[in-house]
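# Structural overview
One-letter residues, chain by chain:
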Amino acid sequence: MQKWYDYLVSYSFEKDGYITPGRGTIEVSRTGKINSFNAVKQVKELIQNEVPGSKNILINNIMYLGRNIHE
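All of the points below concern the structure found in this document. Bear in mind the structure is a predicted one, so any value in this text is a computation, not a measurement. (Residues numbered from 1 in each chain as written. Predicted model: local features only at pLDDT ≥ 70, side-chain atom pairs only at ≥ 80, totals over all residues. Heavy atoms only, no water.)

All right, on to the pattern of salt bridges then. Overall, the coordinates contain 1 salt bridge when judged by the stated rule. We note a salt bridge from lysine 55 to aspartate 16, for which the minimum N-O separation is 2.9 Å. Here aspartate 16 lies in the loop between strand E1 (3-15) and strand E2 (22-30) and lysine 55 lies in strand E3 (residues 54-69), a separation of 39 residues in the sequence. Note on lysine 55: relative accessible area 37%, which makes it partly exposed. (Salt bridge = Lys/Arg side-chain N within 4 Å of Asp/Glu carboxyl O. Helix = DSSP H or I, 4+ residues; strand = E, 2+ residues; numbered from the N terminus. Buried < 20%, exposed > 50% of the residue type's maximum accessible area, 1.4 Å probe, protein only.)

What follows is the structure, encoded as structure tokens:
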């Protein structure tokens, strides 16, 4: 089994039909660390896939939760 890097990501976004910016959190598990702009871009793309129609995604905080084994 492989250990994954687990993160809790807080974000804001805009979406057509919303009067104010939306906010949310997402749990992200990755085989590699979030330690580059490319990794942040991948997280933003993940959020965009989870919230269809979202745009102008702003990551407010990335909290590292540790390495854990996932089944």
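With a phi close to 50°, asparagine 56 is a non-glycine residue in the positive phi region. With respect to the helices, strands and loops of the structure, asparagine 56 is situated in strand E3.

What follows covers the pairing of E2. Only one face of E2 is covered, namely the face carrying Gly22, Gly24, Ile26, Val28 and Arg30; the face carrying Arg23, Thr25, Glu27 and Ser29 is uncovered. Direction of pairing for E1 relative to E2: antiparallel, over a ladder of 9 bridges. Paired with tyrosine 11 across the two strands is glycine 24, which belongs to E2. Adjacent in sequence and paired antiparallel, E1 and E2 are bridged by 6 residues, among which glycine 17 carries a positive phi angle near 95°. (Pairing = 2+ DSSP bridges.)

This is a description of form; function is not addressed.
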